[in-house]
Amino acid sequence: MELYEAIEKRRTVRDFIDNPIDMEIITRILSAGLKAPTNNHLREWEFVVVNDKKERLKVLNLEDMTSYEECEKMLDSFGMTDSDQRGMYHIAMPKQFSMLYNCGCLILPFFKLREPLLQPTCLSSLNEFASIWCCIENILLAAVSEDILGVTRIPMSEELEHIKKIIGYPDNYTMPCYIALGYPKKDAKIPVQKVIDVKNKIHINKW
C-alpha cells in the first residue's frame, strides 16, 4: 500500500469482528513503530500485548457510557458546539470498554520517563512523550497496510494505577494510551470526517 493511500485509509474504528490478529502481523506492525523518530536515539519503548480475554478483563478498569443524556451533558460541559465533533463522541463514549475488550489485539505501549510527565520543567521535557506518539502513528499506519484499523484511548489516572498493579511496569515508565487493533465490522460506525482545506492552514513567513 502506498504511503498516501495508507494515510487516507487510516480511520478510527471501534467495532471489530471477533478475529484475533496473528502474532507475526503484530510483530511486523510493532517493528514499524520502532522505526519512528526518537528524542534520544535509544527508542526506550516497550509493548505489552494483552490478547487473552481473561487477562483483558483484569486490565480494563473502565465502563462504557451508555446514557445518551449523560453524554450530552458531558459534551455541554466541554463547551462543544460542532455537530460533527459531538457525533464522534456519541459514537465513542458507548464503546470505551467494549472497543478495547473486543479488538483483535490490545497493545499497551510504554515509554521511559526522564522526569514526571505532568510536571515538565520545560517544553523539551516532553520529548519522550512526543516521540512515543510518533511511534504510535507508525503503528496505526502499518496496521492499515495489513487491512487492520484501530483506536487509541488515553487512560485516566485511576486506570494507570490499576494497570500498574496488574501489569507491574517499572516506576520510570508510563503508558500514554491503549492501542486497540482489529478487523473492522462491515457496519462499523465511522465518525464524519471534517473536510479541511490545507491551504487555509498554511502561513508563509508570518501567521
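What you see is a predicted model, and the numbers here were worked out from it, not measured in a lab.

> Any details on the layout of surface pockets? Residues and values, ideally.
When its volume is computed, the largest pocket comes out at roughly 690 Å³. Lining the largest pocket are 27 residues, with Tyr89, Met93, Gln96, Arg153 and Ile154 positioned closest to its centre. At the level of secondary structure, the elements contributing two or more residues to the lining of the largest pocket comprise helix 5 (83–92), helix 7 (127–145), strand 3 (149–153) and helix 8 (157–167). Looking at the lining of the largest pocket residue by residue, the classes come out as 14 nonpolar, 5 polar and 8 charged. In this structure, the second largest pocket spans a volume of roughly 390 Å³.

> Describe the packing of helix 4 (residues 68–77) against helix 5, listing the residues and the values that go with them.
Where helix 4 meets helix 5, the axes come as close as 10 Å, and the angle between the chain directions of the two elements is 135°. As judged from the angle between their axes, helix 4 and helix 5 are oblique. Viewed along their axes, helix 4 and helix 5 form a crossing whose handedness is right-handed. Between helix 4 and helix 5, the residues in contact are Tyr68, Cys71, Glu72, Met74, Leu75 and Asp76 and Arg86, Tyr89 and His90, respectively. Per-class residue counts for the contact of helix 4 with helix 5 are 5 nonpolar, 1 polar and 3 charged.

> Can you explain a nonpolar patch on the surface? Please cite residues and give values.
There is a patch of nonpolar side chains on the surface, built from Leu3, Tyr4 and Ile7 and spanning about 380 Å² of accessible area. Looking at the element boundaries, Leu3 is found in helix 1 (residues 3–9). With relative accessibility at 52%, the residue Leu3 sits in the exposed group.

> Before we move on, can you summarise the pattern of salt bridges with the specific residues and values?
With the rule as written, the count across this model stands at 15 salt bridges. When salt bridges with common partners are traced through the structure, they connect Glu24, Arg28 and Glu146 into a single cluster.

> Outline the pairing of strand 3, listing residues and values.
Burial analysis of strand 3 places 4 of its 5 residues in the buried class, which makes it a mostly covered element. When strand 3 meets strand 5 (residues 178–182), the two strands line up antiparallel, connected through 5 bridges. The residue of strand 5 that forms the bridge with Arg153 is Tyr178.

> Residues and numbers for the environment of Ala36, please.
Topologically, Ala36 is positioned in the loop between helix 2 (23–33) and strand 1 (45–50). According to the relative accessible area criterion, Ala36 is buried, its value standing at 1%. The spacing of Ala36 and Ile136 is 100 residues in sequence and 8.5 Å in space, taken between C-alpha atoms. Setting aside residues no more than four positions away along its own chain, Ala36 makes contact with Arg43, Trp45, Cys134, Cys135 and Asn138.

> I'd like a description of the side chain of Lys95, backed by residues and values.
Mapped onto the secondary structure, Lys95 falls in the loop between helix 5 and helix 6 (98–102). Take Lys95: its relative accessible area is 14%, and that puts it in the buried class. Once residues lying within four places of it in the same chain are set aside, the contact partners of Lys95 are Arg14, Asp15, Asp64 and Lys189.

> How would you summarise the packing of aromatic side chains if you had to cite specific residues and measurements?
Counted according to the given criterion, the structure contains 4 aromatic pairs. An angle of 10° between the planes, with centres 5.5 Å apart, marks the rings of Phe97 and Tyr101 as stacked. Relative to Trp133, the ring of Phe129 lies with its centre 6.4 Å away and its plane at 85°, an arrangement referred to as edge-to-face. Residue Phe129 and its partner Trp133 are located together in helix 7, separated by 4 residues, close to a single helical turn. Residue class for Phe129 comes out partly exposed when judged on its relative accessible area of 28%. Classification of Trp133 as partly exposed rests on a relative accessible area of 24%. What links up through ring pairs into an aromatic cluster is the set Phe111, Phe129 and Trp133. Over the face of the ring belonging to Tyr101 we find Lys53, whose NZ or CZ atom lies 4.8 Å from the ring centre. Above the ring of Tyr169, the side-chain terminus of Lys164 is found at 4.8 Å from the ring centroid.

Rules behind the numbers
- Residues numbered from 1 in each chain as written.
- Predicted model: local features only at pLDDT ≥ 70, side-chain atom pairs only at ≥ 80, totals over all residues.
- Heavy atoms only, no water.
- 1 Å grid on protein atoms, 1.4 Å probe; cavity = no way out; pocket = protein on both sides within 12 Å on 5 of 7 lines; lining within 4 Å.
- Points joined across faces, edges and corners; volume = space filled by probe spheres on them.
- Helix = DSSP H or I, 4+ residues; strand = E, 2+ residues; numbered from the N terminus.
- Nonpolar A, V, L, I, M, F, W, Y, C, P; charged D, E, K, R; others polar.
- Axes fitted to C-alpha atoms, helices over the stretch in contact; angles between N-to-C directions.
- Parallel < 35°, antiparallel > 145°, perpendicular 65-115°, else oblique.
- Left-handed = near helix turned anticlockwise from the far one by under 90°.
- Contact = heavy atoms within 4.5 Å.
- Patch = residues over 30% accessible without salt bridge, like charges linked within 9 Å, V, L, I, M, F, W, Y side chains within 5 Å.
- Areas by Shrake-Rupley, 256 points an atom, 1.4 Å probe, with all protein chains shown as cover.
- Salt bridge = Lys/Arg side-chain N within 4 Å of Asp/Glu carboxyl O.
- Buried < 20%, exposed > 50% of the residue type's maximum accessible area, 1.4 Å probe, protein only.
- Pairing = 2+ DSSP bridges.
- Phe/Tyr/Trp six-rings, centres within 6.5 Å; stacked < 30°, edge-to-face > 60°.
- Lys NZ or Arg CZ within 6 Å of the ring centre and 35° of its normal.

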